[in-house]
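Given next are the chains, with one letter for each unit.
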Amino acid sequence: MSLLVVGLSHRSAPVSVLERASLAADAQAKLLQDTLAAEPATEAAVLATCNRIELYADVDKFHAGVAELSTLLAQHSGVGLEELTPYLYVHYEDRAVHHLFSVACGLDSMVVGEGQILGQIKDALARGQELHTAGRLLNDLFQQALRVGKRAHSETGIDRAGQSLVSFGLQQLAAGADPALWAGGKRALVIGAGSMSSLAAATLARTGVAEIVVANRTRARADRLVEILQQGDDTAVRARAVEMSAVGDELTRADIVVSCTGSTGLVLTADALADALGVSLDAAPEAPTVTAVAPAPDDVDQHAAWVENGSAASAAHAGPATPRRVTVPAQSTGPVRLALLDLAMPRDIDGAAHRIAGVRLVDIESLADASADAPMAADVDRVHTIVSDEVAAFGAAQRAAHVAPTVVALRTMAADVVAGEIARLDGRLPDLDEKQRAEITQTVRRVVDKLLHAPTVRVKQLASEPGGAGYADALRELFDLDPQTVAAVSRADLNDPNRGRS
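Basis of the calculations
Counting of residues starts from 1 at the beginning of each chain's written sequence and follows it residue by residue. In keeping with the predicted nature of the model, local features appear solely for residues at pLDDT of at least 70, side-chain atom pairs appear and are counted solely at 80 or more, and the whole-chain, interface and lining totals rest on all residues. Excluded from the side-chain calculation are hydrogens and water; included are all heavy atoms of the structure. Side-chain atoms within 4.5 Å link the members of a nonpolar core, which is a set of buried Ala, Val, Leu, Ile, Met, Phe, Trp, Tyr and Cys residues. Residue burial is assigned from relative accessible area. The probe radius is 1.4 Å, only protein chains are included, and a residue is buried under 20% of its type maximum, exposed over 50%, and partly exposed in between. Each helix corresponds to a stretch of at least 4 residues labelled H or I by DSSP, and each strand to a stretch of at least 2 residues labelled E; elements are numbered beginning at the N terminus. Side-chain atoms alone can form a polar contact between residues adjacent in sequence; in general such a contact is a pair of N or O atoms within 3.5 Å, and within protein one must be able to donate a hydrogen while the other accepts it. Any two residues whose heavy atoms approach within 4.5 Å at even a single point are treated as in contact. Throughout this description, the term salt bridge denotes a Lys or Arg side-chain nitrogen within 4 Å of a carboxyl oxygen of Asp or Glu. Within 6.5 Å between ring centres, the rings of Phe, Tyr and Trp (the latter by its six-membered ring) count as paired, and their orientation is classed by plane angle as stacked under 30 degrees, edge-to-face over 60, tilted in between. The rule for pairing is simple: two strands pair if DSSP sees at least two bridges between them. Axis geometry follows a simple rule: fit a line to the C-alpha atoms, using only the stretch in contact for helices, then measure angles between N-to-C directions, giving values from 0 to 180 degrees. The patch calculation keeps residues exceeding 30% relative accessible area without a salt bridge and links them within 9 Å when they carry like charges or within 5 Å when they are nonpolar (Val, Leu, Ile, Met, Phe, Trp, Tyr). In this description, accessible areas are obtained by the Shrake-Rupley approach with a 1.4 Å probe, and a residue is regarded as covered only by the protein chains that are shown.

A. A look at the nonpolar core. Counting 70 residues, the largest nonpolar core has Leu8, Leu165, Leu204, Ile212 and Leu343 as its most contacted members. Within the second largest apolar cluster, 35 residues are counted, among which are Leu3, Ala96, Ala104 and Val112.

And the structure:
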C-alpha cells in the first residue's frame, strides 16, 4: 500500500475555484466514507482549510487511485472534473509525506510560517479517527506532521517569516500603518465563533480595539467566545454577544468587521453594507481593476500532466507552471469608515463592497496577491532541511514497521516449535525433574534466539533503507510463514489502545 494525495490550493488554483470547491463538514465526512468505499483506497483523510482542499489516501494502485480520488473531489465539491483537473496536484509516497510536512511547517501557507495550520491538521486527523477512516499509515503520518510542525516552530525563527492569516489581514487593512495604532480604540464586529473567528477576536483584543461584538448563528458559542475574551489577562477589551439578526444594527456602529462562517451564501451583501453606511450602492462608481501576477504553483505535480502523459516520469518533468494573472478590483479612495476582513471560503462578504465609498475590503484573494511579495526569513532554509530529514526518518520508520509483524510472526513460530519439542521430550523422558526440564527448555530457547538474532536484526536494518520493503516478503518465503498470522500481528498492533499516544 502507498500514500497518495490529490488536492488543490492557492498555489495551484484561483480563489474563485477554491471557493466553489470548498467542503462543509458534512461533505467532508461523506467524501471520506465514499473514498473508503472506493476500490483503490483503504484509508482516507481530508485536509480542508480556507486555501486548500486535499484528500489523502492509502492506495494499492497508483493510476486508479489518482483517477478515483480526483473524481471523488469533483463529485463532492460540485466542480466538474474537466474544470477541476487543471488545478489539481498529485503527490505520491515520499513526495506526499514531504508535502504534508511542509504544509505543517507553514512553508506552503498563504502567509509563510503561520502556525494555525497545525490546528487544522489536528482537526483533520481527529475527523479521520472519529469516522474510522484513518488507519495505521495516516495516523502515523498526521501525528508525525504535527510533531514536525512544532519542531520547526520551536527550533527556528519561521514565526518571524510570517504570521497568522488574521494578523496579515489586519496588516493589509491598516495599509502600511502600525496595526495596533490603526485599530486602537475602534469597535470591531466578529461574525462567526469558530476557530478562525476566535483567533480573529483574540488578535483584535491584543491589538487594542475598544470593543468586540460577536455574532453567531448559535448564540451559546458566541457567549462562550465573549467569556474567553473577558477572561484574558493581557487585554481589557469590552466584549458582548448578539444574535445574527442584530448584525445590521451592529454594522452602523462598527469600524472593523471580520467574518468567517461556514455559510454557503453571502453573510453581508453590498446592499446591507451600503444601508449601514447610509449611502446608495447604485450611485457608487464602478471601481477600476488592477491586474496582478499571482504566484505560480511551486513544486507541485499538476494533475493535468498525469492525465495527459499517464506516467510519473512525465509529470516530474512537466516543468514550471506559468504564473497566473488575476484581475482584482481596486479599493475605493477616500477616508475609510468601515474596514472589512473576509476570511471565509466561500466568501462571506459581497465582493461588490469595494464599490462603496468609505469601505475597504480585504479577502482571501487579495491576501494571496499581497503574500506573493511578503519577505521570507532566512530560517525558511533551515525548516526545509528539517522537513527533508524528517521525511527520510519517517520513511525509514515505516519500512521498519512493515517488517516488524513478520519478525514477530517468525519468533512466535519459533516459540511454538520449542514448546512442541519440549512437550515431546516430556513424553519420551517422563522421569526428568523440574530443574532438569527447566534447564533443557532454557538451553533450547537460547539456541533458537541466537540463531534468529542476527537475521532479524539485520532484516530490520535492511528494511529501513530505501528499497528495503521486499525483505519482509523474503523472510516470509524463507521461513514459510502464514500470511494470515502476519496480518493478525499487524491488526493487533493497530488496535493497541496506547498506539500513537505521546
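More follows now that the structure is in view.
B. How the structure looks around the side chain of Thr156. Residue placement: Thr156 occurs in the loop between α7 (136–155) and α8 (158–161). Within the structure, Thr156 has its side chain in polar contact with the backbone oxygen of Ala152 (distance 2.6 Å). In this structure the side chain of Thr156 is engaged in a polar contact, spanning 3.2 Å, whose partner is the backbone nitrogen of Ile158. Aside from chain neighbours lying at most four places away, what touches Thr156 is Arg151, Asp379, Arg382, Val383 and Ile386.

C. Broad picture of the pattern of salt bridges. Tallied over the entire structure, the rule returns 23 salt bridges. Between Asp223 and Arg219 there is a salt bridge, with the nearest N and O atoms lying 3.0 Å from each other. Of this pair, Asp223 and Arg219 both sit in helix α12 (residues 219–231), four residues apart, roughly one helical turn. You can call Asp223 partly exposed: its relative accessible area is 36%. Classification of Arg219 as partly exposed rests on a relative accessible area of 31%.

D. Focus on the packing of aromatic side chains. Overall, the coordinates contain three aromatic pairs when judged by the stated rule. Their ring planes at 80 degrees and their centres at 5.9 Å tell us that Phe101 and Phe394 sit as a pair that is edge-to-face. A residue pair is termed long-range when its members are at least 10 positions apart, and Phe101 in helix α5 (residues 94–104) and Phe394 in helix α18 (residues 379–428) qualify at 293 residues. Phe101 sits in the buried class, given a relative accessible area of 0%. On the accessibility criterion, Phe394 (9% relative accessible area) is buried.

E. Region of interest: the sheet that holds strand β7 (residues 238–242). With parallel pairing, six strands are arranged side by side in an open sheet as β7-β6-β5-β8-β11-β12. Only two strands of the sheet have a single partner each, and these edge strands are β7 and β12 (359–363). The average undirected angle you get between the axes of adjacent strands in this sheet is 15 degrees. Judged from the four bridges that link them, strand β5 (residues 187–191) and strand β8 (residues 256–259) form a sheet pairing that is parallel. Bridge pairing in β8 places Ala188 opposite Ile256. Where helix α11 (residues 195–207) meets the sheet, it contacts β5, β6 (211–215) and β8, and its direction lies at approximately 170 degrees from that of β5. Here α12 sits on the sheet and contacts β6 and β7; the angle it forms with β7, its principal contact strand, is near 175 degrees.

F. Representation of a nonpolar patch on the surface in the model. Among the surface-exposed residues, Met413, Val417, Leu478 and Phe479 lie close enough to one another that they form a single nonpolar patch of about 370 Å² accessible area. Take Met413: it is sitting in helix α18.

G. Representation of the sheet that holds strand β1 (residues 2–9) in the model. Within the open sheet, the four strands sit side by side as β2-β3-β1-β4. Their pairing is antiparallel. Two strands lie at the open edges of the sheet, namely β2 (41–49) and β4 (89–92), each paired on one side alone. Within this sheet the neighbouring strands show an average axis-to-axis angle of 15 degrees, counted without direction. Note: β2 against strand β3 (residues 52–59), eight bridges, orientation antiparallel. When the bridges of β3 are listed, Leu47 appears paired with Glu54. Along the sheet face, helix α6 (residues 116–130) touches β2 and β3 and points at about 145 degrees away from the line of β2. The sheet contacts of α7 involve β1, β2 and β3, and relative to β2 the element is tilted by about 30 degrees.

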